[in-house]
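Residue strings, one per chain:
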Amino acid sequence: MPTPGPPAPRTSASARAAVLSGLGTSLPPRVVTNDELAQRLDTSHDWIIERTGIARRRVAAPGTTTAALATAAGRAALASAGRSSCETVIVATTTPDRSCPATAPSVATALGLTGAAAFDVSAVCSGFVYALSVASSMIVAGLCGSVLVIGAELYSAIVDPDDRSTAIIFGDGAGAVLLERGERSAPGAVLHHDLGSDGEGRDLITVPPGERFLRMRGREVYVRAVPTMTASARRVAEAAGWRPGEIDGFVGHQANLRILQSVAKRLELPDERVIANIAEVGNTAAASIPLALASAAGQGRLARGDRLVLTAFGGGLTWGSTALLWSGARPVHQEVEPLS
Ligand code: ACO
């Protein structure tokens, strides 16, 4: 009988964590500036930039699908991690290509991952944070070893082009991260989550039943977003053992620059710790947090081991935060693939 060797190293469930190993993005090539919108809407560049911080956004060509954007971002995240496969694919989206079935199985197959578990998460602008919590819980529970979490949105399909209160805000795009099994002390470790909802606010951001376009009561959403995001960010930081002032990077959902600045002020964070790319891409809902992360990482603004808090707020109402240590992943960008 062979002599048994030393036991294989094991990670106990309490020390096991999901670790972010790859980060990818995809944006449609067409840039729409505020001046272009002002040619057909009763608005101006100055109004939009002062009230929202948005200078331009990307808008997909007719026929582009959410699955195409998600696939390109997912492929980029796998490339960023140096991987060619994963066990589970989660797509967070408000704009699925079909109401049935989910978008994720098509994305998994397009990535060559037929057979992988694949499903969508629907939590509007909080979708990416919700999906991260599901993915990391699956890994910590030992259900699988790797999950591709993709936020992908095609808001141009649900925004009324004649409604100046929403047409100026939203953009199309996708961002993705790969989570893999690792340890809580590792750079990239996802440490804590905080999630919540309030269905009383369901009419504040909604596509009314039987209608095609999104309607948003922006001022009322704004007033609720600031205290709710602040409280959620505080809770997740405390759960991770950090004082709010110890957060190295606050990556809030990019809905409005003034919301991000107000939350940061309440958390007593200096402006340089606020990650914002809203000027370039507008509000991309479930894609906004990974797009903002990639923008900051690409500019060298994040150091390995940095304490990051990701916080979102949006339709539902829903909100949520994730605390993680930055992994040092290098973001990869991939153009959305041509229609097949
Ligand atoms: N250009 C010029 N004027 C405008 C425009 C525009 N594009 N849009 C609205 N206005 C006018 C309004 O008609 C109003 O005019 P009035 O005073 O004569 O009535 C005035 O500007 C002020 O309107 P408000 O809606 O109060 O403007 P506000 O400063 O609140 O900015 C905005 C609007 C940008 C929508 C802001 O309220 C906001 O960012 N809200 C939060 C959005 C958010 O966080 N959403 C959650 C995530 S998105 C999701 O989940 C899908």
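Preceding this section is the structure that the text describes.
Just so it is clear, the model here is predicted, and its values are computed rather than measured.

Caption draft 1: Highlighting the overall build of the protein chain. Within the protein chain, the secondary structure is distributed over ten helices and 14 strands. Computed over C-alpha atoms, the radius of gyration of the protein chain comes to 19 Å, within 12% of the 20 Å expected from 2.2 N^0.38 for 340 residues, which places it in the range of a compact globule. The principal-axis extent of the C-alpha atoms belonging to the protein chain is close to 80 × 50 × 40 Å. Burial status across the protein chain gives 55% buried among its 340 residues. When the accessible area of the protein chain is evaluated, it comes to approximately 14500 Å², of which 51% is carbon and sulfur surface. Of note, the protein chain has its 31 positive side-chain charges centred 4 Å away from the centre of its 31 negative side-chain charges.

Caption draft 2: Representation of the layout of surface pockets. Estimated volume of the largest pocket: approximately 540 Å³. If you trace the largest pocket, you find 30 residues lining it, with Ile169, Met216, Gly218, Arg219 and Asn256 closest to the centre. For the lining of the largest pocket, the elements supplying multiple residues, two or more each, are helix 2 (45-52), helix 6 (164-167), helix 7 (218-239), helix 8 (257-266) and strand 12 (307-314). When residues of the lining of the largest pocket are assigned to their parent elements, the largest contribution, six residues, is made by helix 7. Looking at side-chain class alone, the lining of the largest pocket contains 17 nonpolar, eight polar and five charged residues.

Caption draft 3: Region of interest: the pairing of strand 11 (residues 249-252). Of the two faces of strand 11, the one carrying Gly249 and Val251 and the one carrying Phe250 and Gly252 are both buried. Bridge analysis of strand 11 against strand 12 gives four bridges, and the strand direction is parallel. Counted as the bridge partner of Gly249 is Leu308 from strand 12.

Caption draft 4: Local environment of the sheet that holds strand 5 (residues 117-121). Read from one edge of the open sheet, six strands run 5-4-6-7-1-14, paired in mixed fashion. Two strands lie at the open edges of the sheet, namely strand 5 and strand 14 (332-333), each paired on one side alone. Across the sheet, helix 3 (residues 66-81) touches strand 1 (16-26), strand 6 (146-154), strand 7 (172-183) and strand 14, and the angle it forms with strand 1 is around 120°. Along the sheet, helix 10 (residues 288-298) contacts strand 1 and strand 7; its crossing angle with strand 1, the most-contacted strand, is approximately 85°.

Caption draft 5: Focus on the site of the ligand. Taken together, 28 residues lie around the ligand, and Thr43, Arg51, Cys125, Arg219 and Asn256 are the ones closest in. A distance of 2.7 Å separates an oxygen atom of the ligand from a polar side-chain atom of Arg51. In isolation the ligand exposes 1000 Å². Once the protein is present, 75% of that is buried. Under a 2 Å grid-point criterion requiring more than half of the atoms, the pocket assigned to the ligand is the largest pocket. Among the secondary structure elements, those contributing two or more residues to the shell around the ligand are helix 2, helix 6, helix 7, helix 8 and strand 12.

Caption draft 6: Representation of the pattern of salt bridges in the model. This model, assessed by the stated rule, comprises eleven salt bridges. The salt bridge partner of Arg217 is Glu220, with a shortest N-O separation of 2.9 Å. For Arg217, a relative accessible area of 41% puts it in the partly exposed group. According to the relative accessible area criterion, Glu220 is partly exposed, its value standing at 38%. Because the salt bridges share partners, they merge into one network encompassing Asp160, Asp163 and Arg215.

Caption draft 7: A look at helix 5 (residues 127-140). Across its 14 residues, helix 5 extends 20 Å between first and last C-alpha, which sits within 8% of the 20 Å expected from 1.5 Å per residue. Buried residues dominate helix 5, accounting for eleven of its 14 residues. Taken together, the buried positions of helix 5 are occupied by Gly127, Phe128, Val129, Tyr130, Ala131, Leu132, Ser133, Ala135, Ser136, Met138 and Ile139.

Caption draft 8: How the structure looks around the environment of Glu200. Summarising the element assignment, Glu200 is placed in the loop between strand 8 (190-197) and strand 9 (205-206). For Glu200, a relative accessible area of 69% corresponds to the exposed category. When the C-alpha positions of Glu200 and Leu317 are compared, they lie 7.6 Å apart, and in sequence the two are 117 residues distant.

Caption draft 9: Fine view of the pairing of strand 4 (residues 88-92). Taking burial as the measure, the five residues of strand 4 include five buried ones, the bulk of the element. Burial along strand 4 is two-sided: the residues Thr88, Ile90 and Ala92 and Val89 and Val91 are all buried. Summarising the sheet, strand 4 and strand 5 pair through five bridges and their orientation is parallel. Within strand 5, the residue paired with Val89 across the bridge is Ala118. As paired strands, strand 4 and strand 6 are joined by five bridges and run parallel to one another. When the bridges of strand 6 are listed, Thr88 appears paired with Val147.

Caption draft 10: View of the side chain of Thr95. Relative to the helices and strands, Thr95 resides in the loop between strand 4 and helix 4 (104-110). By relative accessible area, Thr95 is classed as buried at 7%. Non-local contacts of Thr95, meaning those with residues more than four positions away in its chain, are made with Thr66, Ala152, Glu153, Leu154, Tyr155 and Ile158.

Caption draft 11: A look at the sheet that holds strand 12. One open sheet accounts for four strands, arranged 8-13-12-11; its pairing is mixed. Edge positions in the sheet fall to strand 8 and strand 11, since each of these pairs with one other strand and no more. With strand direction ignored, the average angle separating the axes of adjacent strands in the sheet is 10°. Across the face of the sheet, helix 7 comes into contact with strand 8, strand 11, strand 12 and strand 13 (318-325) while running at roughly 150° to strand 12.

Criteria and cut-off values
Residues numbered from 1 in each chain as written. Predicted model: local features only at pLDDT ≥ 70, side-chain atom pairs only at ≥ 80, totals over all residues. Heavy atoms only, no water. Helix = DSSP H or I, 4+ residues; strand = E, 2+ residues; numbered from the N terminus. Rg over C-alpha atoms; globule rule 2.2 N^0.38 Å. Buried < 20%, exposed > 50% of the residue type's maximum accessible area, 1.4 Å probe, protein only. Areas by Shrake-Rupley, 256 points an atom, 1.4 Å probe, with all protein chains shown as cover. Lys, Arg positive; Asp, Glu negative; His and termini not counted. Charge placed at Lys NZ, Arg CZ, Asp CG, Glu CD. 1 Å grid on protein atoms, 1.4 Å probe; cavity = no way out; pocket = protein on both sides within 12 Å on 5 of 7 lines; lining within 4 Å. Points joined across faces, edges and corners; volume = space filled by probe spheres on them. Nonpolar A, V, L, I, M, F, W, Y, C, P; charged D, E, K, R; others polar. Pairing = 2+ DSSP bridges. Contact = heavy atoms within 4.5 Å. Axes fitted to C-alpha atoms, helices over the stretch in contact; angles between N-to-C directions. Near = heavy atom within 4 Å. Polar contact = N/O pair within 3.5 Å; in protein donor to acceptor, adjacent residues only side chain to side chain. Sits in = over half its atoms within 2 Å of the grid points. Salt bridge = Lys/Arg side-chain N within 4 Å of Asp/Glu carboxyl O. Expected span 1.5 Å × (residues − 1).

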